[in-house]
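Reading the structure
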Amino acid sequence: MELIVARNREGLLKARTGGEVALVPTMGALHEGHRSLIRLARTRADQVVVSIFVNPLQFGPTEDFSRYPRTFDADLEVCRAEGVDVVFHPSAEDIYLPDRQVSVHSGRMGEIVEGAARPGHFDGVLTVVLKLFNLVQPHVAIFGQKDAQQLAMIRRMVADLDVPVEIVGAPTVREPDGLALSSRNRYLTAEDRQVALALSRALHKGAAEPTPSRIRAAAREILDAAGPRLFVDYLVLVDPATFAEVGESHAGPAVLAVAATVGTTRLIDNVTLTLNPA
Ligand code: PAF
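Residues numbered from 1 in each chain as written. Predicted model: local features only at pLDDT ≥ 70, side-chain atom pairs only at ≥ 80, totals over all residues. Heavy atoms only, no water.

**Observations regarding the site of the ligand**
Neighbouring the ligand are P25, T26, M27, N55, Q58, V128, F143 and Q150. Side-chain polar atom of Q58 to an oxygen atom of the ligand: 2.6 Å apart, as the coordinates give it. Interatomic distance of 2.7 Å between a side-chain N/O atom of Q150 and an oxygen atom of the ligand. Isolated, the ligand exposes 290 Å² of accessible area, and the fraction of that covered by the protein chains is 89%. Here the shell around the ligand is composed, by residue class, of four nonpolar, four polar and no charged. (Near = heavy atom within 4 Å. Polar contact = N/O pair within 3.5 Å; in protein donor to acceptor, adjacent residues only side chain to side chain. Areas by Shrake-Rupley, 256 points an atom, 1.4 Å probe, with all protein chains shown as cover. Nonpolar A, V, L, I, M, F, W, Y, C, P; charged D, E, K, R; others polar.)

**Observations concerning the packing of helix α8 (residues 190-207) against helix α9 (residues 212-224)**
Where α8 meets α9, the axes come as close as 7 Å, and the angle between the chain directions of the two elements is 155°. The angle between α8 and α9 falls in the class roughly antiparallel. For the element pair α8 and α9, the recorded crossing hand is right-handed. Contacts between α8 and α9 involve A198, L199, R201, A202, K205 and G206 on the former and, on the latter, I215, A218, A219, I222 and L223. Class assignment of the residues belonging to the contact of α8 with α9 gives a composition of eight nonpolar, one polar and two charged. (Axes fitted to C-alpha atoms, helices over the stretch in contact; angles between N-to-C directions. Helix = DSSP H or I, 4+ residues; strand = E, 2+ residues; numbered from the N terminus. Parallel < 35°, antiparallel > 145°, perpendicular 65-115°, else oblique. Left-handed = near helix turned anticlockwise from the far one by under 90°. Contact = heavy atoms within 4.5 Å.)

**Remarks on the nonpolar core**
Of all hydrophobic cores here, the largest spans 45 residues; its most connected members are F88, F133 and I167. Those elements giving two or more residues to this core turn out to be α1 (9-15), β2 (21-26), β4 (86-88), α6 (121-136), β5 (140-144), α7 (148-160), β7 (230-238) and β8 (252-262). Counting residues per element, this core draws most heavily on α6, which supplies ten residues. Those residues within four positions of F133 in sequence are excluded, and the remaining contacts are L23, P138, A141, F143, I154, M157, V158, V163, V165 and I167. (Core = buried A, V, L, I, M, F, W, Y, C linked by side-chain atoms within 4.5 Å. Buried < 20%, exposed > 50% of the residue type's maximum accessible area, 1.4 Å probe, protein only.)

In short, geometric facts, not functional conclusions.
Structural data, given as structure tokens:
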């Protein structure tokens, strides 16, 4: 089947073939991590739609919106190779009305952890994701676990607003040395890339410990030893659904999440672990 590129609602409607639709929302600069989301989408539906849209609403005024990698031709090749049916590639004007008023508010959960570091970020993410759901009308949507709080917030929005879509989280894909794949990795110099390995090493070391205090301390030790080019934004051990910090007696799944700037590149990573298993 020929890959269809749709730029607006009409294009999407024309591309529909009937059957179940899986959506993989992306901002492009597609890498192996995105390929794994697309492959998972393929197992879940008859038609796979990949959206490629660098959403201005989710970037703060000092963030990397203008320099965010835009590699549309290469992204199309990835989608072709992965057998994607439709690429939805709107412009900002296609997505946002010039006089738009209403947006999604991510609530208290959107103001903690990653939301505290990036005010307004989750409002921007949820607004565009809801719009993508309304435009594409997927049965299922696939998001990477690397953006663990984003995934939790999208699940929250779908539950709170009764959005008729199933949300599926997909495991983080890593380089052989542990670095989590990210479109922003391409900003790293060779030296910074070595420093960035401290994130996955810290998570790995922390996850091997038995209690929240020891998990946090073990991870922190690795980050502190990484040198002055690594600036830690946060290191938290949180409930995967609420992103509230877990206490010493917490039982069940928890997410150990880190955000750090390496040189000029901000990176995030996380692992899920189980505390006090019965
Ligand atoms: O994870 C991303 O790439 C973006 O936050 C998303 C979900 C495509 C919304 O712009």
